[in-house]
Every structure is written in structure tokens, then in C-alpha cells.
Amino acid sequence: MILDFANSADSVKKVNWYLKTSEVTNMPDTMIRHMRTVDDHKSVDNHTKILICSSSGGTLLVDRATRKCLFYAITPNAHSVEYLPGNRIAVALSTADKGNRLEIYDAGRSNTVLFSDSLYSGHGVTWMAGRNLLYALGYDELRAYSLVDWDTPNPGLQLEEKWTLPETGGHDLYASSENQLLITTSKKVWKFDLNSNAFEPFAPLANEPDVKSVYYDEKADHLIYTQGEISWWTHNIYSINPTKKITIPEIDVYKVRVIK
């Protein structure tokens, strides 16, 4: 569901675009059962496509205008997905049989793993173009990878650095600027300075547990987040600066992403 943020508040929503994964065309029927619970979604390629991954075990790349499947893969307990240079796709897989991994795909080759690395309880993945690094989040660590042999049919990743989280339960990963990552864990939200390699509590949400997704615009001091208030899901999207709550009772909301 893509909302017009400025014209949505409380239970009043302006919905610009809506999709059920069962409505996606041009994908194998067997993929429907792997897309029951959406865990992450990113607007990519100048917002013409949507990347979607599911803890039910699948990942899709969908054309927004036609709702046609452009890529699919079976990805056990996928919790985060990211679009990479050269039409490649990174997926973080959480705990499952054949899970606990970071996998790389090519958008032109459905269901074909090009590279993988073990990553226990993979929950977050984000590409930082300015640093030319892929960051991945697991249960108790953050990793930075560089791209290797990227212009060949057999690309890979090279682990450049890794850091132990200040507490366990790594969940969401968001680049709030070129120099800072936000990391949510089971008990709070942390900021990670990419220049000093230091973790510090992220003051606005330092004492908030079970934050499932976070967005922060440092220049505008604008914060948007979701929190597991019912179980792993909620019906509320929270915003600070401006302060408001958008309530969506008809769906179980897990993560919110901001299209800029």
C-alpha cells in the first residue's frame, strides 16, 4: 500500500497504489504461497518497480504499472531485500531450513542464486552507493561487503568489516545519511557512525522496544516508524515532525518505507 503521507492522518488515508501479492501476474502459481506475509518492500528503478520479500519464503520484483512479475525467487524466511547496481538483488534470510543467509540474484535470472554467505537471522540489507558497500544485519552483528566481479556472470561479495551489535535482536537497517545507519534491535534503536564505527542509542527511540522499521530524515528531523504492538505487527504508522499517527485497521502492518 502506497499512501499519500501529506493527506493521510488518523484513520483517513489517501491510497495511491495497492497490491495483493496474489494479484501479481506472470509468476508461477506455486509462488503465491511463498508471498503470504510481506516482510520488506523497496521502490526501485525510478519508482517504476517494487521489490517485495516475504517471510513465507519468496522474493518478487514487480512492475508498478502492469503489476507483472519481472523476477521471482524462493527465499526461505526472507526479511529484507535491496536493489543493487547492475540489476542485481540482495536478500537477507532469517532463521529457517536453508535460511540464515545473505543471497545475491540477477533480476534477469529468476530463482538462481549467484552468491551466498551465511548470516544468522538475516534481517536487514541496504546499499550505500556513496561508499560502494552493501551493509547487512544479522542477529548480533553488522557487516559491510564490497562488490566483486560485478561485471561478470558470476558476481560475488567480499566481507570488508563486521561489528558486534551492542545488544542482540538486530531487526531493521536504514541509512539515515551517508555517514550514519540506524539499527533497530529487540529493546531499542541505535545509530551507527560509519566514520568512527561507534554505536550510540538513537535518542528519539532509545527506549522503544520492538521497532520493526525506521525512517529518519536528518535535515528535516523527520522520523517515521512502526512498532510491534499486537505481535510482530501493528495497525499504526507513527510520525514525528510532523507528529501524527496513521491507522490502518484493515491490514497487519510490519514495515513502512518512504518513497523520496
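Residues numbered from 1 in each chain as written. Predicted model: local features only at pLDDT ≥ 70, side-chain atom pairs only at ≥ 80, totals over all residues. Heavy atoms only, no water.

*Asks:* What's the story with the overall build of the chain in this structure? I'm lost.
*Replies:* When helices and strands are counted, the chain shows zero helices and 22 strands. Over its C-alpha trace the chain gives a radius of gyration of 17 Å, about what one expects of a compact globule, namely 18 Å for 260 residues. Projecting the C-alpha coordinates of the chain onto the three principal axes gives extents of approximately 45 × 45 × 35 Å. In the chain, buried positions account for 51% of the 260 residues. (Helix = DSSP H or I, 4+ residues; strand = E, 2+ residues; numbered from the N terminus. Rg over C-alpha atoms; globule rule 2.2 N^0.38 Å. Buried < 20%, exposed > 50% of the residue type's maximum accessible area, 1.4 Å probe, protein only.)

*Asks:* What am I meant to see in the nonpolar core here?
*Replies:* For soluble globular proteins, the rule of thumb is that nonpolar side chains tend to be buried together. Judged by nonpolar contacts, the single largest core of 18 residues is most densely connected at Phe202, Leu205, Val214, Leu223, Tyr225 and Ile237. Elements that contribute at least two residues to this core include exactly strand 19 (211–217), strand 20 (222–227) and strand 21 (236–240). Here this core takes four residues from strand 19, the largest share from any one element. In contact with Phe202, not counting residues within four places along its chain, are Leu182, Val189, Trp190, Lys191, Tyr216 and Leu223. (Core = buried A, V, L, I, M, F, W, Y, C linked by side-chain atoms within 4.5 Å. Contact = heavy atoms within 4.5 Å.)

*Asks:* Hey, could you run me through the sheet that holds strand 11 (residues 124–128) in this one?
*Replies:* Neighbouring strands of a sheet are bound in pairs by backbone hydrogen bonds; such pairs are parallel or else antiparallel. A sheet is described by the order of its strands in space; here four strands give the open sequence 11-12-13-14, paired in antiparallel fashion. Each edge of the open sheet is held by one strand with a lone partner, namely strand 11 and strand 14 (156–164). The average undirected angle you get between the axes of adjacent strands in this sheet is 25 degrees. Two strands pair when backbone bridges link them, and strand 13 (residues 141–148) and strand 14 are joined in this way by eight bridges, in the antiparallel orientation. The residue of strand 14 that forms the bridge with Ser146 is Gln158. (Pairing = 2+ DSSP bridges. Axes fitted to C-alpha atoms, helices over the stretch in contact; angles between N-to-C directions.)

*Asks:* It is not clear to me how the environment of Pro209 should be interpreted in this structure. Could you clarify?
*Replies:* Residue placement: Pro209 occurs in the loop between strand 18 (198–201) and strand 19. Residue contacts for Pro209: discarding those within four places in its chain leaves Ser186, Lys187, Lys188 and Gln227.

*Asks:* Any chance you could explain the packing of aromatic side chains here in plain terms?
*Replies:* Within a pair of aromatic rings, the relevant descriptors are the distance that separates the centres and the angle that separates the planes. With the rule as written, the count across this model stands at ten aromatic pairs. When the centroid spacing of 4.4 Å and the interplanar angle of 40 degrees are considered together, the rings of Phe192 and Phe199 count as tilted. Summarising the aromatic geometry, the rings of Trp232 and Tyr254 are spaced 5.5 Å apart at their centres and angled 85 degrees between planes, so their arrangement reads as edge-to-face. Remark: Tyr254 occurs in the segment after strand 22 (244–247) and Trp232 occurs in the loop between strand 20 and strand 21; sequence separation between them is 22 residues. A residue is classified by how much of its surface remains accessible, and Tyr254, at 7% relative accessible area, is buried. Three or more aromatic residues joined by ring pairs make a cluster, and in this case those are Tyr135, Trp163, Phe192 and Phe199. Sitting above the plane of the Trp150 ring, Arg88 keeps its charged end 5.2 Å from the centroid. (Phe/Tyr/Trp six-rings, centres within 6.5 Å; stacked < 30°, edge-to-face > 60°. Lys NZ or Arg CZ within 6 Å of the ring centre and 35° of its normal.)

*Asks:* Whenever I open this one, the side chain of Thr21 confuses me. Can you help?
*Replies:* Assignment of secondary structure puts Thr21 in the loop between strand 2 (15–17) and strand 3 (38–44). Look past the residues within four positions of Thr21 in its chain and what remains in contact with it is Met27, Met35, Val38 and Ile52.

*Asks:* Is there a simple way to explain the sheet that holds strand 15 (residues 173–177) in this structure?
*Replies:* Strand order in the open sheet made by the four strands is 15-16-17-18, with antiparallel pairing throughout. Each edge of the open sheet is held by one strand with a lone partner, namely strand 15 and strand 18. Strand-to-strand, the axes of this sheet are offset by a mean angle of 30 degrees, without reference to chain direction. One ladder, built from four bridges, connects strand 15 with strand 16 (residues 180–184); its direction is antiparallel. When the bridges of strand 16 are listed, Leu173 appears paired with Ile183.

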